[in-house]
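A look at the structure
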Amino acid sequence: MCGIVGYAGGDSAAKIIYDGLLKLEYRGYDSAGIAVMEQGKITVAKRVGRVQKLAPSVQILEGNIGIGHTRWATHGKPSDENAHPHTSGKITVVHNGIIENYAELKSELSAEGRIFLSETDSEVIAALIDKFYDGDLLKAVIDCARMLKGSYALLAMCEGEERIVAAKYRSPVILGLGGNGNFVVSDEPALAGNCPELCVLEDGDFAVITPLSVAVYDSMKNPVIRAVYPVAAKEQSIVLRGYPHYMIKELWESPSAVSRTLSEFAKVQYGVEKLLKDAKKIILTGCGTAYHAALVGKRYFCEICKKSAEAEYAGELRYDMPVIGCGTVLVAVTQSGETADTVEAARLYKSLNAKVIAVTNCPHSAITRISDAVVPVAAGPEICVAATKSYSAQIAALLSMALAVGRSPECEVLKRELLSAPSTILKTLEEIDIYALAEMCARSRGVYFMGRGIDYALALEASLKLKEVSYIAGSGYPASELKHGALALIDGGTLSVFLINDEALASKSANAVEQTISRGGMVSVITSLREVGEQFSGRAEVITLPSSNRYLSPFAAAAAVQFLAYRTAVTLGRNPDKPRNLAKSVTVE
Ligand code: GLU
């Protein structure tokens with residue numbers, strides 16, 4: 001969360017930083033700000049709201065060194081005063097993360113006579129650096145970092161010093177090299193089209209960025225060498241190309257995301273297979289959509305590999321006191337690879353001698369550096385806050401993993417059928433008629449998604465997607481639970497959407513549909529089973545999906561429910577790409 005961009009080079013810093021912040025806006029859009037240095041003097045422009053609000057300032061901010069920020073507020077409401085950059089004395093900073101001991105630092109600094117203008121935790125960083133500054137900005141940032149508890153990706157500038165100093169702990173910092181100047185950013189898309197190479201800072205690193213040089217240090221000011229990689233994000237892949245929103249563009253990119261993920265798996269199969277084959281217990285974890293993918297993965301590992309498998313929210317798992325026997329493998333699913341809870345859960349399991357397999361869309365992310373193996377989710381940059389293609393690609397990765405270990409004759413058939421997942425998604429998107437159901441959702445007071453088995457995992461994701469982008473309340477339930485409580489919510493103003501794609505459980509789910517119709521609720525059935533569609537035709541809004549094996553049914557079902565959420569948001573006039581209060585890449589706790 002929060003996007004940060006720093007630049008030192010030959011071009012207008014404000015213009016470059018502004019463009020970079022636009023590319024990182026998915027990380028937060030509560031406020032934005034830029035600070036630029038010219039002849040040693042720093043000027044700041046910051047505004048509550050979206051990055052575009054800074055456009056008029058960009059024309060007048062002159063200078064070739066600067067830092068910028070797009071905020072997802074953690075401490076202090078979105079406002080002009082709380083927007084970053086924050087200045088104290090000669091020092092100006094931007095910060096991504098949370099300073100957990102900010103209150104005590106703030107009262108100590110206030111007692112020393114320092115004045116604070118914002119409610120943020122971040123402002124104490126500027127005050128501390130200014131307090132420690134005695135002519136060496138790097139030293140002052142290192143001294144400040146020693147005092148901080150929590151997480152930070154921070155950039156600091158000091159009046160009179162023509163440089164940016166960066167510090168990193170538990171929030172991502174990437175250096176961009178080899179363009180017309182040097183960059184320091186939160187995430188790779190901000191480098192697309194700007195420079196050919198990048199270098200990823202590790203926790204505890206500091207960096208000094210000038211127009212002509214970039215140097216990395218440890219906390220004793222010893223130089224540190226970090227590997228250099230090519231920048232993979234392409235300018236072309238992060239523009240809308242005629243689509244009205246990133247959500248629908250990325251949904252249509254799902255087939256290629258799945259197909260790339262399947263081919264990439266071949267490169268890592270051997271190592272992953274070895275880890276999973278020896279596993280006595282597999283624990284899958286993630287947050288939000290990634291957790292819902294983990295729930296599907298759990299079914300795959302249990303049923304296809306015949307392994308004991310569980311799925312748990314990473315935010316819960318990291319504070320469990322697990323008893324880990326030998327042979328435990330943690331499968332950590334995270335789109336960004338930086339999700340704080342997932343990374344910390346992985347660190348915990350690693351410290352207890354479990355093996356960790358990361359399933360991630362970001363090859364240089366934090367999770368990859370603490371994992372024994374990395375399964376690439378090759379979805380490409382996902383700009384919409386609500387995940388679409390990355391979810392389908394995560395399912396493809398998890399199914400590939402299970403099939404690499406499964407030994408039943410059915411696995412060979414499934415492996416062949418998995419190759420047709422991209423065309424199933426495409427067919428679903430081309431043929432589905434979701435408009436009437438989207439209208440029903442838009443009119444409903446609440447929408448409940450239900451299913452059993454793998455369909456239950458899909459129901460949870462469908463509900464999350466709809467909530468995220470349309471703000472309509474609801475939940476996902478196992479269809480079996482309906483009569484244990486949820487049925488009390490059913491009336492003419494609520495909509496129940498049943499996902500029924502598992503033949504073995506279809507008649508059980510059909511009972512729940514009948515019970516809901518009897519109670520006068522609006523009902524829809526999303527199914528790949530012809531007989532189920534026929535059973536409810538005329539009595540419920542039936543959405544027919546291409547038929548497929550139940551293990552492959554998530555591909556069509558995901559496309560359908562993602563499309564439904566998109567259409568509902570658009571019907572209600574919401575911006576599906578930037579849901580209120582949310583941001584992508586949840587790097588804070
Ligand atoms: N804690 C800081 C603030 O609320 C930064 C938030 C973030 O990293 O998203 O301003």
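See above for the structure.
Residues numbered from 1 in each chain as written. Predicted model: local features only at pLDDT ≥ 70, side-chain atom pairs only at ≥ 80, totals over all residues. Heavy atoms only, no water.

The next subject is the packing of aromatic side chains. Each aromatic ring pair is summarised here by two numbers: the centre-to-centre distance and the angle between the ring planes. Inspection of the entire model under this criterion finds four aromatic pairs. With 5.0 Å between their ring centres and 55° between their planes, Tyr 7 and Phe 183 make a pair best called tilted. Residue Tyr 7 is found in strand 1 (residues 3-9), and its partner Phe 183 is found in strand 10 (residues 181-185); the two are separated by 176 residues along the sequence. The same class applies to Tyr 7 as to Phe 183, namely buried. When the centroid spacing of 6.0 Å and the interplanar angle of 70° are considered together, the rings of Tyr 300 and Tyr 551 count as edge-to-face. In this pair, Tyr 300 is assigned in helix 8 (residues 289-304) and Tyr 551 in the loop between strand 25 (541-544) and helix 19 (553-571), connecting sequence segments 251 residues apart. The class for Tyr 300 is buried, based on a relative accessible area of 0%. (Phe/Tyr/Trp six-rings, centres within 6.5 Å; stacked < 30°, edge-to-face > 60°. Helix = DSSP H or I, 4+ residues; strand = E, 2+ residues; numbered from the N terminus. Buried < 20%, exposed > 50% of the residue type's maximum accessible area, 1.4 Å probe, protein only.)

A separate point is the packing of helix 3 (residues 102-111) against helix 4 (residues 123-132). Contact geometry of helix 3 with helix 4 gives a least axis separation of 10 Å together with a crossing angle of 50°. On the basis of the axis angle, helix 3 is oblique to helix 4. Between helix 3 and helix 4 the crossing geometry is left-handed. Contacts between helix 3 and helix 4 involve Tyr 102, Leu 105, Lys 106 and Leu 109 from the first element and Val 124, Ala 127, Leu 128 and Lys 131 from the second. By residue class, the composition of the contact of helix 3 with helix 4 is six nonpolar, no polar and two charged. (Axes fitted to C-alpha atoms, helices over the stretch in contact; angles between N-to-C directions. Parallel < 35°, antiparallel > 145°, perpendicular 65-115°, else oblique. Left-handed = near helix turned anticlockwise from the far one by under 90°. Contact = heavy atoms within 4.5 Å. Nonpolar A, V, L, I, M, F, W, Y, C, P; charged D, E, K, R; others polar.)

Time to look at helix 3. For helix 3, the set of buried residues is Leu 105, Lys 106 and Leu 109. The buried residues of helix 3 occupy an angular sector of 100° when the element is viewed end-on, so they sit on one face. Immediately beyond the C-terminal end of helix 3, within one or two residues, lies Gly 113, with a positive phi of roughly 100°. (Arc of directions from axis to C-beta.)

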